[in-house]
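# An overview of the molecular structure
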Amino acid sequence: MSDDLLAEFVSAIPMPALMVDQTERIIAANTDAKTLLAQNIVGRHFATILRQPQVIDAIEQALLTKGPTKTRHLSNDGAQDTTFEVECRYLNGVGAVSGGALLAIFQDVTHVEQASQMRRDFVANVSHELRTPLTALMGFIETLRGPARDDAVARDRFLQIMNDEANRMNRLVGDLLSLNRVESEERVRPKEQIELTGLLQSTLNSLRPLAEDAKVQLTLTAPEGPVSLTGDNDQLRQVFTNLIENGIKYGGSGGSVEIQVLASERDSAMRGPAVRVQVIDKGPGIDAVHLPRLTERFYRADSHRSRQLGGTGLGLAIVKHIINRHRGRLRVESDLGKGTTFTVILPR
């Protein structure tokens, strides 16, 4: 095979690929390989380009045994760390004096590694969230069976704490199941026609007792006529319940939570007819450093306060997935000391 034909062959491979012959020099490389490693790599010794020991060992072994080898190459694309799975296969009759050459193909498995890391983080977070109330329950049970056995006052206090911790675990399991259900339906478009203003008014009515206990006034500002759109009634109720409840709990110090409905024939975010629902509180606000990560699972801007108020760290993750299912957008704006505005944008 001529050098030109060899170069064409390697160039046709739809992922980074290069060829090393028995002189241990790179005799061909496609554009993706040059982008990954360096532009002027053809003709150079492979060890000066592929400096990672595990990759060098895999190529040396394949050249020596003429058998397949596999390893990993770690890199960085300027934005994140990347991981490539390197497959080495030996080809006879090519390279210097037709002595054979090694074809190394780099398959990007970064997304697989990230998904695996997310699963590990998720399991670790769930374990941590469950361990705290379980430890408390076990400790109080032991105390009630021992020193506090005959102490009625302590027993009542401990039972109340145990009830709170059990409810916390129940909320966490409920949110986990809800998140799983929402994620499984995320690619299925809703088909139900709903009237948004009535849905919001019903949601506010159910949350008024919570607002009254927190001394927070709830107000709804909406267009005169009905605001109809295609959506899942139960899921959108869950979205607005979560956002308004958060406004009461975390922004309630401002004394009010306002819900505004704004309908337009052409929304800049949706490039078409849409409705915006804004949940506005006048509370302490959220530091800008937290805003990009608010919808991550178990991420909390204030972990201690969130746990005190019964938060599971999953509410906004559920909100994000529901809005994604509706092909909508979620925007968060906040100024410390001035309050926070959550904006849900839904196509009509």
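This write-up is about the structure you can find in this document. These figures come from a predicted structure and were not determined experimentally. (Residues numbered from 1 in each chain as written. Predicted model: local features only at pLDDT ≥ 70, side-chain atom pairs only at ≥ 80, totals over all residues. Heavy atoms only, no water.)

### Digging into the overall build of the protein chain
- Helix and strand content of the protein chain: 10 helices and 12 strands.
- In summary, the protein chain has a C-alpha radius of gyration of 29 Å against a globular reference of 20 Å for 348 residues, an excess of more than 25%.
- With the C-alpha coordinates aligned to their principal axes, the bounding extent of the protein chain is approximately 90 × 65 × 35 Å.
- Long-range pairs, those at least 24 residues apart, make up 58% of the contacts in the protein chain with a sequence separation of at least 6.
- Within the structure as shown, the protein chain displays about 19000 Å² of accessible surface, and the carbon and sulfur contribution to it stands at 50%.
- Side-chain charges of the protein chain comprise 41 positive and 43 negative groups, with the mean position of each set lying 1 Å from the other. (Helix = DSSP H or I, 4+ residues; strand = E, 2+ residues; numbered from the N terminus. Rg over C-alpha atoms; globule rule 2.2 N^0.38 Å. Contact = heavy atoms within 4.5 Å. Areas by Shrake-Rupley, 256 points an atom, 1.4 Å probe, with all protein chains shown as cover. Lys, Arg positive; Asp, Glu negative; His and termini not counted. Charge placed at Lys NZ, Arg CZ, Asp CG, Glu CD.)

### Considerations on the environment of Lys320
- As for its placement among the helices and strands, Lys320 is situated in helix α10 (residues 315-325).
- Expressed as a C-alpha distance, the spacing of Lys320 and Ala269, which sit 51 residues apart in the sequence, is 16 Å.

### Considering the sheet that holds strand β1 (residues 17-21)
- Reading across from one edge, β2-β1-β5-β4-β3 is the order of the 5 strands in this open sheet, with antiparallel pairing throughout. Each end of this open sheet is capped by a strand with a single partner; those strands are β2 (26-29) and β3 (69-76). Strand-to-strand, the axes of this sheet are offset by a mean angle of 25 degrees, without reference to chain direction.
- Pairing of strand β4 (residues 81-91) with strand β5 (residues 101-108), which is carried by 8 bridges, proceeds in the antiparallel orientation. (Pairing = 2+ DSSP bridges. Axes fitted to C-alpha atoms, helices over the stretch in contact; angles between N-to-C directions.)

### Here we look at the side chain of Thr203
- Mapping Thr203 onto the fold places it in helix α7 (residues 196-213).
- Residue Thr203 is classed as buried on the basis of its relative accessible area of 0%.
- With residues near it in sequence (within four places) discarded, Thr203 still touches Arg237, Phe240, Thr241 and Ile244. (Buried < 20%, exposed > 50% of the residue type's maximum accessible area, 1.4 Å probe, protein only.)

### Examining the nonpolar core
- Ranked by size, the top nonpolar core spans 41 residues in total, and within it Leu196, Leu218, Val239, Phe240, Ile244, Ile248 and Ile259 carry the most contacts.
- Setting aside anything within four residues of it in sequence, one finds Ile244 in contact with Thr203, Leu204, Leu207, Leu218, Ile259 and Val279.
- The next biggest cluster of nonpolar side chains, apart from the first, holds 22 residues, and it includes Phe46, Ala62, Leu63 and Tyr90. (Core = buried A, V, L, I, M, F, W, Y, C linked by side-chain atoms within 4.5 Å.)

### Here we look at the pattern of salt bridges
- This structure, assessed with the given rule, holds 11 salt bridges.
- Glu87 serves as the salt-bridge partner of Arg89, at 3.3 Å between the closest nitrogen and oxygen.
- Residues Arg325 and Asp232 are paired through a salt bridge, measuring 3.1 Å at the closest nitrogen-oxygen approach. With Arg325 in helix α10 and Asp232 in the loop between β8 (228-230) and α8 (233-251), this residue pair connects regions lying 93 residues apart in the sequence. Of the two residues, Arg325 and Asp232, both sit in the buried class.
- Connected through shared salt-bridge partners, Lys70, Glu87 and Arg89 make up one network. (Salt bridge = Lys/Arg side-chain N within 4 Å of Asp/Glu carboxyl O.)

### Considering the packing of α8 against α10
- At a minimum axis separation of 9 Å, α8 and α10 run at an interaxial angle of 140 degrees. Handedness of the α8/α10 crossing: left-handed. Here Gln235, Gln238, Val239, Asn242, Leu243 and Asn246 of α8 lie close against α10, whose contacting residues are Gly315, Leu316, Ile318, Val319, Ile322, Ile323 and Arg325.
- Partitioned by chemical class, the residues of the contact of α8 with α10 number 7 nonpolar, 5 polar and 1 charged. (Left-handed = near helix turned anticlockwise from the far one by under 90°. Nonpolar A, V, L, I, M, F, W, Y, C, P; charged D, E, K, R; others polar.)

### A closer look at the pairing of strand β9 (residues 256-267)
- Two strands pair when backbone bridges link them, and strand β7 (residues 217-221) and β9 are joined in this way by 5 bridges, in the parallel orientation. Bridge pairing links Thr221 to Gln260 in β9.
- With 9 bridges joining them, β9 and strand β10 (residues 272-281) adopt antiparallel strand pairing. Residue Ala263 lies in a different strand from β10, and its bridge partner there is Val275.
- Where β9 folds back onto β10 in an antiparallel hairpin, the turn is made up of 4 residues, including Arg271, whose phi is positive at roughly 55 degrees.

### Some words on the packing of aromatic side chains
- Under the definition given, this model contains 2 aromatic pairs.
- With 5.9 Å between their ring centres and 45 degrees between their planes, Phe122 and Phe298 make a pair best called tilted. Of this pair, Phe122 sits in helix α5 (residues 110-145) while Phe298 sits in the loop between β10 and α9 (303-308); the two residues are 176 residues apart in sequence, bridging distant segments of the chain.
- Phe298 gets classed as buried once you look at its relative accessible area, which sits at 9%.
- Considering the side-chain rings of Phe140 and Phe158, the 4.9 Å spacing of their centres and the 35 degrees angle between planes classify their relative orientation as tilted. A residue pair is termed long-range when its members are at least 10 positions apart, and Phe140 in helix α5 and Phe158 in helix α6 (residues 152-184) qualify at 18 residues. (Phe/Tyr/Trp six-rings, centres within 6.5 Å; stacked < 30°, edge-to-face > 60°.)

### Notes on the environment of Ile318
- Within the secondary structure layout, Ile318 lies in helix α10.
- Judged by its relative accessible area of 3%, Ile318 is buried.
- Along the primary structure Ile318 and Pro209 are separated by 109 residues, whereas in three dimensions their C-alpha atoms are 24 Å apart.

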